[in-house]
Amino acid sequence: APGKIAGLSISAGGAHGRRSSLPPIELPEGAGRDTVRDALEHWFAALGDAGEFSGAVLVACDGEPLFRGAWGLASREWQVPNGVDTRFALGSINKSFTKIAIAQLAEAGKLSLGDTIADHLPDYPDTDVARRVTIRQLVSHTSGLGDIFNERYFASSKLLYREPSDYFPVFAGEPLLFEPGEGRAYSNAGYMVLGAIIAAVSGQSYSEYVEENIFEPAGMTEIGFFARDEIHP
């Protein structure tokens with residue numbers, strides 16, 4: 001009540017998914033690399049011209065780049081085209097880095113997956129939840145914490161959100177979706193709490209820790225954390 005949409009999602013795949021309506025890539029049997037490259041160029045160009053694809057593509061064979069290209073716009077507002085070096089917002093793929101950071105800190109003995117929120121964030125604004133929810137439950141989406149994209153978030157200025165803990169007022173104090181460990185629900189809020197724990201345990205900001213301990217060792221030189229209200233090349 002009062003009958004609001006709880007969520008929407010789009011998935012492509014399977015016999016009845018979006019992929020089934022895409023045009024086939026016509027390739028003769030035993031086609032060489034040049035033929036494959038030309039076919040891919042034609043295929044993606046057609047989709048890009050029709051407005052059905054926007055992004056960057058890399059196709060490799062046996063570890064060697066075979067085809068690369070980009071279509072569509074990186075910025076619709078400024079009409080900036082995508083390029084093969086365009087940096088895209090990762091969104092929730094960033095949760096993988098959060099999990100790696102938690103694992104690193106656990107391996108270093110600076111936290112345990114059985115620790116509670118309160119063990120590392122004594123000032124967390126919901127003391128009851130902080131005492132009952134563990135790091136393991138936050139990582140596995142079994143904490144009972146919900147989403148950050150609620151009415152409070154959409155009614156507020158996005159300039160307020162610079163660090164994970166800045167999001168706490170959006171969801172802290174809201175009833176849990178279920179008792180910790182007794183259900184599972186995808187939780188952006190839980191990962192904001194994990195980000196704050198990483199900062200508290202490491203003594204660095206979340207972004208500084210990830211950049212120094214994940215991006216740099218992995219040679220990920222083109223990735224980073226960029227504020228949405230700033231202009232970046």
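The structure we're discussing is the one just above.
Just so we're clear, the structure is a prediction, and the values are computed from it rather than from any experiment. (Residues numbered from 1 in each chain as written. Predicted model: local features only at pLDDT ≥ 70, side-chain atom pairs only at ≥ 80, totals over all residues. Heavy atoms only, no water.)

> How should the packing of aromatic side chains be read in this particular structure?
When we look at a pair of aromatic rings, we describe it by the centre distance and by the angle of the planes. Under the criterion given, the structure shown has 17 aromatic pairs. On the numbers, 5.2 Å between centres and 75 degrees between planes, the contact of Y153 with F154 is edge-to-face. Y153 sits in the buried class, given a relative accessible area of 12%. Chaining the aromatic ring pairs together yields one cluster made of W43, F44, F53, F67 and W71. Looking at K95, its charged tip hangs above the ring of Y191, at a distance of 5.6 Å from the centre. Across from the ring centre of Y153, 4.9 Å away, lies the NZ or CZ of K158, which sits over that ring. (Phe/Tyr/Trp six-rings, centres within 6.5 Å; stacked < 30°, edge-to-face > 60°. Buried < 20%, exposed > 50% of the residue type's maximum accessible area, 1.4 Å probe, protein only. Lys NZ or Arg CZ within 6 Å of the ring centre and 35° of its normal.)

> Would you take a moment to explain a negative patch on the surface for this structure?
Where like charges cluster on the molecular surface, the negative patch consists of E163, E208, E212 and E216. Its place among the elements puts E216 in the segment after α9 (206–215). Since its relative accessible area comes to 58%, E216 is described here as exposed. (Patch = residues over 30% accessible without salt bridge, like charges linked within 9 Å, V, L, I, M, F, W, Y side chains within 5 Å. Areas by Shrake-Rupley, 256 points an atom, 1.4 Å probe, with all protein chains shown as cover. Salt bridge = Lys/Arg side-chain N within 4 Å of Asp/Glu carboxyl O. Lys, Arg positive; Asp, Glu negative; His and termini not counted. Charge placed at Lys NZ, Arg CZ, Asp CG, Glu CD. Helix = DSSP H or I, 4+ residues; strand = E, 2+ residues; numbered from the N terminus.)

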